[in-house]
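Summary of the model geometry
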Amino acid sequence: MALMTVTEVAEFLGIQDVRVERLEREHLLISKEKDADGNPLFDEEDVKRYKTFAERIGGI
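Let me sum up the structure you'll find in this document. Bear in mind that the values here come from a model prediction, so they are computed numbers and not experimental data.

**Let's talk about the overall build of the chain**
A count of helical and extended segments in the chain gives three helices and three strands. Along the chain direction, N to C, the helices and strands of the chain fall in the order β-α-α-β-β-α. Relative to its length of 60 residues, the chain is compact, with a C-alpha radius of gyration of 11 Å against a globular reference of 10 Å. With 60 residues in all, the chain has 32% of them scored as buried. Considering only intrachain contacts with a sequence separation of at least 6, the fraction spanning at least 24 residues in the chain is 44%. Summed over all atoms, the accessible surface of the chain reaches about 4,100 Å², with 48% contributed by carbon and sulfur. Side-chain charges in the chain split into 9 positive and 14 negative, and the spacing between the mean points of these groups amounts to 7 Å.

Printed below as a string of structure tokens:
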């Protein structure tokens, strides 16, 4: 399992970091772990599935 930081997820999805944090807070993207500073880390496959789902329903 490859883990992605908030910044990496934001770049992949083409959105701002704060939007990724909001998606995590709203449980639309579930973090797998926290880094040493307490920032969420996301599974790359989950992020890809979220992007596919979001595109199907009209965008992120």
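**So, the nonpolar core**
One finds Val9, Leu13, Val20, Leu29, Phe42, Val47 and Tyr50 to be the most contacted residues of the largest nonpolar core, which totals 13 residues. Contact partners of Leu13, with chain neighbours within four places excluded, come to Leu29, Val47, Tyr50, Lys51 and Ile60.

**Comments concerning helix α1 (residues 6-13)**
An α-helical turn contains 3.6 residues, so any two residues separated by three or four positions project in the same direction. Buried within α1 we find Val6, Val9, Ala10 and Leu13. One side of α1 carries all its buried residues, which in axial view fall inside an arc of 100°. The elements touched by buried residues of α1 are β1 (3-4), α2 (17-25), β3 (40-43) and α3 (44-56). At the exit of α1 stands Gly14, carrying a positive phi of roughly 75°.

**What about the packing of α1 against α2?**
The contact between α1 and α2 brings their axes to 8 Å, and the two run at 105°. It follows from the interaxial angle that α1 and α2 lie roughly perpendicular. Seen from α1, the contacting residues are Val6, Thr7, Val9 and Ala10; seen from α2, they are Asp17, Val20 and Glu21.

Rules and cut-offs
- Residues numbered from 1 in each chain as written.
- Predicted model: local features only at pLDDT ≥ 70, side-chain atom pairs only at ≥ 80, totals over all residues.
- Heavy atoms only, no water.
- Helix = DSSP H or I, 4+ residues; strand = E, 2+ residues; numbered from the N terminus.
- Rg over C-alpha atoms; globule rule 2.2 N^0.38 Å.
- Buried < 20%, exposed > 50% of the residue type's maximum accessible area, 1.4 Å probe, protein only.
- Contact = heavy atoms within 4.5 Å.
- Areas by Shrake-Rupley, 256 points an atom, 1.4 Å probe, with all protein chains shown as cover.
- Lys, Arg positive; Asp, Glu negative; His and termini not counted.
- Charge placed at Lys NZ, Arg CZ, Asp CG, Glu CD.
- Core = buried A, V, L, I, M, F, W, Y, C linked by side-chain atoms within 4.5 Å.
- Arc of directions from axis to C-beta.
- Axes fitted to C-alpha atoms, helices over the stretch in contact; angles between N-to-C directions.
- Parallel < 35°, antiparallel > 145°, perpendicular 65-115°, else oblique.

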